[in-house]
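The residues making up each chain are set out below.
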Amino acid sequence: MPPSERFAVEAVSRTLVQASCPPRDFPAVLPVSNLDLILGSFHVFFIAVYPAPAAGFPAVAEAARAALPAFLSRFYPFAGRVVPNASTGVPEVVCGNAGAELVVARAGLALADVDFADADASLGAIQVPFERGLALSLQLVRFACGGFSLTWGTDHLLVDGHGLTSLPNAWTEMLRTGGDLSWEPHHDRSSLFRPRSPPRYAPSLDDEFVRYDPRSLPNTLLAAALVRRNYVVEAADVDRLRAAASTSDRRATRLEALSAHVWKLLAAAVGGSDTHCRLAWLVDGRRRLDPAKYNRAHVSNYLGNVVTYASREAAVETVTSSTLADVATMAAASIGEVFRQERYEELVDWMEMHKGVFKEGGKWTEAVGLGTGSPALVVSAFVPFRVDGDFGFGAPRLVMPWVRPGRLGSAAMTVIRSPTSDGSWLVTARMWPTLADAVEADPEAVFKPATAERLGFAAARHGAELPQAVSRM
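How each quantity is defined
Residues numbered from 1 in each chain as written. Predicted model: local features only at pLDDT ≥ 70, side-chain atom pairs only at ≥ 80, totals over all residues. Heavy atoms only, no water. Phe/Tyr/Trp six-rings, centres within 6.5 Å; stacked < 30°, edge-to-face > 60°. Helix = DSSP H or I, 4+ residues; strand = E, 2+ residues; numbered from the N terminus. Buried < 20%, exposed > 50% of the residue type's maximum accessible area, 1.4 Å probe, protein only. Lys NZ or Arg CZ within 6 Å of the ring centre and 35° of its normal. 1 Å grid on protein atoms, 1.4 Å probe; cavity = no way out; pocket = protein on both sides within 12 Å on 5 of 7 lines; lining within 4 Å. Points joined across faces, edges and corners; volume = space filled by probe spheres on them. Nonpolar A, V, L, I, M, F, W, Y, C, P; charged D, E, K, R; others polar. Expected span 1.5 Å × (residues − 1). Polar contact = N/O pair within 3.5 Å; in protein donor to acceptor, adjacent residues only side chain to side chain. Pairing = 2+ DSSP bridges. Axes fitted to C-alpha atoms, helices over the stretch in contact; angles between N-to-C directions.

Some points on the packing of aromatic side chains
Move 1: Under the criterion given, the structure shown has 22 aromatic pairs.
Move 2: Measuring from ring centre to ring centre gives 5.9 Å for Phe7 and Phe143, while their planes differ by 65°; the resulting arrangement is edge-to-face. Of the two residues, Phe7 is situated in the segment before β1 (9–17) and Phe143 in the loop between β7 (136–142) and β8 (148–155); the sequence distance between them amounts to 136 residues.
Move 3: Phe7 gets classed as buried once you look at its relative accessible area, which sits at 14%.
Move 4: With a centroid separation of 5.8 Å and an interplanar angle of 75°, the aromatic rings of Phe75 and Trp183 are classed as edge-to-face. Placement of Phe75 in the loop between α2 (57–74) and β4 (81–84) and of Trp183 in the loop between α4 (161–177) and β9 (209–211) is noted, with a sequence separation of 108 residues between them.
Move 5: Under the relative-accessibility criterion, Phe75 is labelled buried at 0%.
Move 6: Each residue in the set Tyr50, Phe57, Phe71, Phe75, Phe148, Trp152, Trp171, Trp183, Phe391 and Phe393 is aromatic and connected to the rest through ring pairs, giving one cluster.
Move 7: Geometry around Trp402 places Arg228 over its ring, the cationic atom sitting 3.7 Å from the centre.

Let's talk about empty space enclosed by the protein
Move 1: Per the stated rule, a full pass over the model turns up 2 cavities of 30 Å³ or more.
Move 2: Estimates place the volume of the largest cavity at around 50 Å³.
Move 3: Tallied by class, residues from the lining of the largest cavity come to 5 nonpolar, 2 polar and 1 charged.
Move 4: What the second largest cavity holds in volume is close to 40 Å³.

Details of the layout of surface pockets
Move 1: The volume enclosed by the second largest pocket comes to roughly 370 Å³.
Move 2: Glu208, Tyr309, Ala310, Ser311 and Arg343 are the residues nearest the centre of the second largest pocket, which is lined by 22 residues in total.
Move 3: Mapped by element, the contributors of at least two residues to the lining of the second largest pocket are α1 (34–39), β12 (307–315), α10 (324–338) and α11 (341–353).
Move 4: For the lining of the second largest pocket, the element with the most residues is β12, which contributes 5 residues.
Move 5: Here the residues of the lining of the second largest pocket sort into 11 nonpolar, 4 polar and 7 charged.

Structural notes on α4
Move 1: The end-to-end C-alpha distance of α4, which contains 17 residues, comes to 25 Å, matching closely the 24 Å that a straight helix rising 1.5 Å per residue would cover.
Move 2: By the criterion of burial, α4 is predominantly enclosed, with 12 of the 17 residues buried.
Move 3: Every buried residue belonging to α4 is among Gly161, His162, Gly163, Leu164, Thr165, Ser166, Leu167, Pro168, Ala170, Trp171, Thr172 and Met174, and all of these are buried.
Move 4: By the N-cap criterion, in which a side-chain oxygen at the helix start approaches the backbone nitrogen of a residue two or three places on, α4 is capped by Asp160, the distance to His162 being 3.2 Å.
Move 5: Directly beyond the C-terminal end of α4, a positive phi value near 80° is found at Gly178.

What about the sheet that holds β4?
Move 1: One open sheet holds the 3 strands; their spatial order is β2-β5-β4, and the pairing between them is antiparallel. Looking at which strands have only one partner, the edges of the open sheet turn out to be β2 (29–31) and β4. Each strand axis lies, on average, 35° off the axis of its neighbour in the sheet, ignoring direction.
Move 2: Relative to strand β5 (residues 91–94), β2 runs antiparallel, the two sharing 3 bridges. Note on β5: the bridge partner recorded for Pro31 is Glu92.

What follows is the structure, given as structure tokens:
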């Protein structure tokens, strides 16, 4: 049976759940940090998909209902509301225990029939849109086969990749231990990243940001032309790329190696249509913060944003003619330029000097993501973050962050470890059709379609090989 092109998710119930034991003396209003404002406020999801548990879905739903109040007591801001400050327009978190949303829903098909290779037809259908201002929407979707998905919907203002993956990890630990947690989340945002006096930053930062203006974005039809795909990158392919991207003088990281391969695919797709192309990365700075200035435990247990963009533009001819090792070195140098404490302190100061836009109802966005200038692809790597999703009903077979794309016109890839712990990676990609063709026609077949069979939700068809990457255009 071919996979379903689309399926509907029907919400059975939506319930507001409050923290059972709100922490004493918690501030009524939690200011966000300047680093939170860099990426700004928009909905982000973390989706985990599970095969049918032996205990059945009702037991899963009951466990979630029972555990959420205690979970919110430890992660209290997620029982709050994200609202703009009446005077400054800067978003902040009102911590009045208004409650998180618990959604229980159902889908009318089995996981084996979901077209997981098509990201919009799978992940895009699984996550349930939720009301703006909610700090957390926890969503359970039951499939006809008894399998289910657990989705964490929140606001990017509250979490970066480290924070987003910390939520399911803490949930798992608390349910498996009966409510205990081996670490305490650090919720104080504004005091951790204070602007310097006087604020100071490199003038080049002004060129990295533009005021978000829908009139300067690709129109809705152009944005809708981008396609979204899910892929599996097998461990053997990751290792092979790493070997090819390394030299006797330098061993490339796995992410640098994959980035170099992607950059070459991008250059091939651009061809003669432009002279240059760009690759960009979201870089977590926690490991670069001096523990003498930034408390190591606070930083490690901090869920808020400590990320920045690194980007590099190169001539198409340079990328296509260079070895994989040379392109990987270019990627490493680009990431290294921002992987320093001073960069994050400059971002804090830059935002301090540019907060006035919020009072006018505006916000800032990174220029590289707009889709203007030379073709750009942004890599968001969740590879450093391990996700343990077994909260008593088995491990998930698919985990993936998800963001609704809106009208930004750049391409993007999100890379995360497979929960199968076999060394493979999962990738969700948003690409122009020409780039999707280049990726899926790649003779090295690094990006293999994430079919239900490949993910383990359906048995491989007898006598048939799993499909390799082929053009869908």
